[in-house]
Amino acid sequence: MSAPTTRSRTGLFLSYRDSTSHYTDSESQRLITPADSIPLPPKWVDYSDQVENILVQTQANIAILDKLHAKHVLPGFSDRSQEERDIENLTTQITKDFRTCHSLIQKLASPPHSFPPHPQLSSHEARAGKNVQRALAAKVQDLSATFRKKQRVYMEKLQGHAIKNQDLLVASGVIHLRGSDGMSAVDDDIQAATHTRAQSQSQSLIQSDHSVQLQSRDRELTEIAKSIASLAELFKELSDLVIDQGTLLDSVEYNLEQTATQMEDAVIDLKVATR
């Protein structure tokens, strides 16, 4: 009977052992570093990636919705109920995704509770997380404001109202309104949305026997107005973080100025001391 076929793994073992940079003669040394000893990135990195991925998909959905809006405002006599449902569903999804981004951004600065508890972040990691949080807040705020203006422009077109040039520029992404201009635009959009909802409700009460098409139009305008109001509220909530970012930059500039002043004073004191 022939001897069984065997394979020697000694050579492979020795090559692994010799390739380790911290090899010692200790028999207890491991060739592979345990997974639990490898430092993992902070949790806010995962949240940041999730926000970025959602924003990519949201931008794609907004582009699809733009095409649906352009088609829907064209005159026609065919049944558009499915088209209206597609617009409503996509609008709801986009608004929901913005809300999800907001929730994830809030988690960036507050590590989740777990057992066993996570080790405390270093000052550098915590500062980096805060900076990422502010940057993402500004990014979500800009995109949500652009989408809000798109909704405003679409609502005005359905009603046959004149559209402001500034609204068209914001809706097309050419400009972004920030600071006091951004807040003024929010208040203006809320006022327009509130007026549209009130007008639609009053028409429903006065004309109880109006056609199915008018009912569908009033319902669509009401949903658009709700979306605008929700996005306006989101803009205000994100403004706190964006304002903090501006405050931080002002603080950095102030600290640099103070450092320069102190250096000048130190040079003067040094010259006096060496005389």
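Residues numbered from 1 in each chain as written. Predicted model: local features only at pLDDT ≥ 70, side-chain atom pairs only at ≥ 80, totals over all residues. Heavy atoms only, no water.

Novice: Can you explain the overall build of the chain? Please cite residues and give values.
Specialist: Along the backbone of the chain there are seven helices and zero strands. Each helix and strand of the chain, ordered N terminal to C terminal, gives the series α-α-α-α-α-α-α. Within the chain, contacts between residues at least 6 apart in sequence are counted, and of these 80% link residues at least 24 apart. (Helix = DSSP H or I, 4+ residues; strand = E, 2+ residues; numbered from the N terminus. Contact = heavy atoms within 4.5 Å.)

Novice: Provide a residue-level description of the side chain of Glu-83, including the pertinent values.
Specialist: Among the secondary structure elements, Glu-83 is positioned in helix α3 (residues 81–108). Relative accessible area serves as the criterion here: at 12%, Glu-83 is assigned to the buried category. Dropping the residues within four chain positions of it, Glu-83 is found in contact with Lys-71 and His-72. (Buried < 20%, exposed > 50% of the residue type's maximum accessible area, 1.4 Å probe, protein only.)

Novice: Got a sec to walk through the packing of aromatic side chains? Specific residues and values, please.
Specialist: With the rule as written, the count across this model stands at one aromatic pair. With a centroid separation of 6.2 Å and 40° between ring planes, the pair formed by Phe-98 and Phe-147 is classed as tilted. A residue pair is termed long-range when its members are at least 10 positions apart, and Phe-98 in helix α3 and Phe-147 in helix α4 (residues 123–159) qualify at 49 residues. The pair formed by Phe-98 and Phe-147 is uniform in burial state, with each residue classed as buried. Sitting over the face of the ring of Phe-235, Arg-148 holds its NZ or CZ atom 5.3 Å from the ring centroid. (Phe/Tyr/Trp six-rings, centres within 6.5 Å; stacked < 30°, edge-to-face > 60°. Lys NZ or Arg CZ within 6 Å of the ring centre and 35° of its normal.)

Novice: Please set out the pattern of salt bridges residue by residue, giving values where relevant.
Specialist: Summed over all chains, the structure comprises 17 salt bridges. One connected set of salt bridges, linked through shared partners, spans Arg-148, Lys-149, Arg-152, Glu-156, Lys-164, Asp-167, Asp-188 and Asp-189. (Salt bridge = Lys/Arg side-chain N within 4 Å of Asp/Glu carboxyl O.)

Novice: Describe the packing of helix α2 (residues 43–72) against α4, listing the residues and the values that go with them.
Specialist: Interhelical geometry of α2 versus α4 gives an angle of 10° and a closest axis separation of 11 Å. By the angle class used here, α2 and α4 are roughly parallel. Partitioned by chemical class, the residues of the contact of α2 with α4 number 13 nonpolar, seven polar and five charged. (Axes fitted to C-alpha atoms, helices over the stretch in contact; angles between N-to-C directions. Parallel < 35°, antiparallel > 145°, perpendicular 65-115°, else oblique. Nonpolar A, V, L, I, M, F, W, Y, C, P; charged D, E, K, R; others polar.)

Novice: Give a description of the environment of Arg-99 that names residues and reports values.
Specialist: Turning to its location among the elements, Arg-99 is positioned in helix α3. Judged by relative accessible area, which is 24%, Arg-99 ranks as partly exposed. Residues Arg-99 and Leu-231, 132 residues apart in the sequence, show an inter-C-alpha distance of 8.8 Å. Not counting chain neighbours up to four residues away, the residues in contact with Arg-99 comprise Ser-230, Glu-233, Leu-234 and Glu-237.

Novice: How would you explain the environment of Leu-234 if you had to name every residue and give the values?
Specialist: With respect to the helices, strands and loops of the structure, Leu-234 is situated in helix α7 (residues 212–274). With a relative accessible area of 1%, Leu-234 lands in the buried category. A C-alpha to C-alpha distance of 8.2 Å links Leu-234 and Phe-98, two positions 136 residues apart in sequence. Leaving out residues up to four positions away in the same chain, Leu-234 has contacts with Phe-98, Arg-99, His-102 and Ser-144.

Novice: So what's going on with the nonpolar core? Which residues, and what values?
Specialist: Core analysis: the largest hydrophobic core is formed by 36 residues, its most contacted members being Val-51, Phe-98 and Val-140. The set of elements that each furnish at least two residues to this core consists of α2, α3, α4, α6 (179–206) and α7. Leave out the neighbours within four places in its chain, and Val-140 touches Val-51, Leu-55, Phe-98, Cys-101, Ile-105 and Leu-238. (Core = buried A, V, L, I, M, F, W, Y, C linked by side-chain atoms within 4.5 Å.)

Novice: Can you lay out the side chain of Thr-222 for me, pointing to particular residues and giving the numbers?
Specialist: As for its placement among the helices and strands, Thr-222 is situated in helix α7. Excluding residues that lie within four positions of it along the chain, Thr-222 makes contacts with Arg-197 and Ser-200.

Novice: So what's going on with the packing of α3 against α4? Residues and values would help.
Specialist: Where α3 contacts α4, the two axes come as close as 9 Å, and the packing angle between them is 160°. When the axes of α3 and α4 are compared, the pair comes out roughly antiparallel. Crossing hand, α3 versus α4: left-handed. Residues Ile-87, Thr-91, Ile-94, Thr-95, Phe-98, Cys-101, Ile-105, Gln-106 and Leu-108 of α3 form the contact with α4, whose own contacting residues are Gly-129, Val-132, Gln-133, Leu-136, Ala-137, Val-140, Leu-143, Ser-144, Phe-147, Gln-151 and Tyr-154. Here the contact of α3 with α4 is composed, by residue class, of 13 nonpolar, seven polar and no charged. (Left-handed = near helix turned anticlockwise from the far one by under 90°.)

Remember that the coordinates give geometry; whether it matters functionally is a separate question.
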